[in-house]
Amino acid sequence: MCKKIYYILFVLLVFTGCAKKIQAEYSAEVTLQSNDHDGTMTVRCFGYGNNNQTAISNAQKNALSVLMFKGLPGSELRVPLVDNENESKNSNPTYYKNLFENGYSNTFIISSDIISPLVDYNNTKRLIVNIKININSLRRDLETNKIIRKFGY
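Novice: An account of the pairing of strand 4 (residues 124-134) is needed here, citing residue identities and associated values.
Specialist: Pairing of strand 2 (residues 40-48) with strand 4, which is carried by 9 bridges, proceeds in the antiparallel orientation. What sits directly across from Gly-47, in strand 4, is Leu-127. Here strand 3 (residues 109-121) runs beside strand 4; their pairing, made up of 9 bridges, is antiparallel. If you follow Ser-111 over to strand 4, its bridge partner there is Lys-132. Linkage of strand 3 to strand 4, two consecutive antiparallel strands, is achieved through a turn of 2 residues, within which Asn-122 is found at a positive phi near 45°.

Novice: Give me the packing of aromatic side chains: which residues, what numbers.
Specialist: In this description, an aromatic ring pair is defined by two values, namely the gap between the centres and the angle between the planes. Going through the model one piece at a time under the given rule, you end up with 6 aromatic pairs. Between Tyr-48 and Tyr-121, the ring centres sit 6.1 Å apart and the planes meet at 40°, which makes this aromatic pair tilted. Of the two residues, Tyr-48 is situated in strand 2 and Tyr-121 in strand 3; the sequence distance between them amounts to 73 residues. Summarising the aromatic geometry, the rings of Tyr-95 and Tyr-96 are spaced 5.5 Å apart at their centres and angled 85° between planes, so their arrangement reads as edge-to-face. An identical accessibility class is assigned to Tyr-95 and Tyr-96; each is buried. Members of the aromatic cluster, each reached through a chain of ring pairs, are Phe-69, Tyr-95, Tyr-96, Phe-100, Tyr-104 and Phe-108.

Rules and cut-offs
- Residues numbered from 1 in each chain as written.
- Predicted model: local features only at pLDDT ≥ 70, side-chain atom pairs only at ≥ 80, totals over all residues.
- Heavy atoms only, no water.
- Pairing = 2+ DSSP bridges.
- Helix = DSSP H or I, 4+ residues; strand = E, 2+ residues; numbered from the N terminus.
- Phe/Tyr/Trp six-rings, centres within 6.5 Å; stacked < 30°, edge-to-face > 60°.
- Buried < 20%, exposed > 50% of the residue type's maximum accessible area, 1.4 Å probe, protein only.

Put into structure tokens, the structure is as follows:
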């Protein structure tokens, strides 16, 4: 009887102690097009959705997420702006909700130009967009909201 209780407790401990794997909600299909000297950057990104607006919105979210959390080789943001994605998202949920879901990201996006029309791709639709982002403004906003430290990452 005592062994059964220990066994059940052990199994419960193992199941509750296992951390849930968090998958990124974005794809890393972002490439640098131009790194302008005025504090802006143009990236090419894939966007997924059933219509143009949804796919463009997805591409914008992907581009910002890659720049903030992964970095972009060959650009001035070779290292990510935010050190730890999960920790930052857990400690600042309101900021990220406004940024990615409530349209606040549009303050950093200067333009979104469709390069390829919406086409079928793996049971969904995909388009290619060139997105021009104001990096200086994004960095300043992250510093102001205490997501990152001033003068660095």
